[in-house]
Amino acid sequence: MKTINQIMQDIIRLTTEIETNYPELYKYLNETPLYLSETTSKKVHTTELKQYLETLKSQLRHHIENHVNK
């Protein structure tokens, strides 16, 4: 199981790739929500980060399939 730090590194790598190679997609990342669980603690959990990472991956796949080389 990945740690929070490992997942954050994956998110940073992916957003950097998007920023560098797909700037037309990058401008929409602020609109990509990171849902945090409704708990009394303000801590970010690995589950939310994994979901956010998967959302980013999905957005990139969709963008490449529908907009790149068209």
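Worth saying up front: this structure is predicted, and the values here are computed from it rather than measured.

Caption draft 1: Expanded view of the pattern of salt bridges. Considering all chains together, one arrives at 3 salt bridges under this definition. Within the structure, one salt-bridge network assembled from shared partners comprises Lys2, Asp10 and Arg13.

Caption draft 2: Spatial organisation of a nonpolar patch on the surface. On the surface, a cluster of nonpolar side chains totalling about 220 Å² of accessible area is made up of Ile4, Met8 and Ile12. Within the secondary structure, isoleucine 12 sits in helix α1 (residues 4-21). The partly exposed category is assigned to isoleucine 12, whose relative accessible area is 42%.

Caption draft 3: The arrangement of the nonpolar core in detail. The biggest cluster of nonpolar side chains holds 12 residues, and these are Ile7, Ile11, Leu14, Ile18, Tyr22, Leu25, Leu29, Leu49, Tyr52, Leu53, Leu56 and Leu60. A per-element tally of this core places helix α3 (residues 46-67) first, with 5 residues. Excluding residues within four positions of it along the chain, leucine 53 makes contact with Ile7, Asp10, Ile11 and Leu14.

Definitions and cut-offs
- Residues numbered from 1 in each chain as written.
- Predicted model: local features only at pLDDT ≥ 70, side-chain atom pairs only at ≥ 80, totals over all residues.
- Heavy atoms only, no water.
- Salt bridge = Lys/Arg side-chain N within 4 Å of Asp/Glu carboxyl O.
- Patch = residues over 30% accessible without salt bridge, like charges linked within 9 Å, V, L, I, M, F, W, Y side chains within 5 Å.
- Areas by Shrake-Rupley, 256 points an atom, 1.4 Å probe, with all protein chains shown as cover.
- Helix = DSSP H or I, 4+ residues; strand = E, 2+ residues; numbered from the N terminus.
- Buried < 20%, exposed > 50% of the residue type's maximum accessible area, 1.4 Å probe, protein only.
- Core = buried A, V, L, I, M, F, W, Y, C linked by side-chain atoms within 4.5 Å.
- Contact = heavy atoms within 4.5 Å.

Shape is all these values report; function is a separate question.
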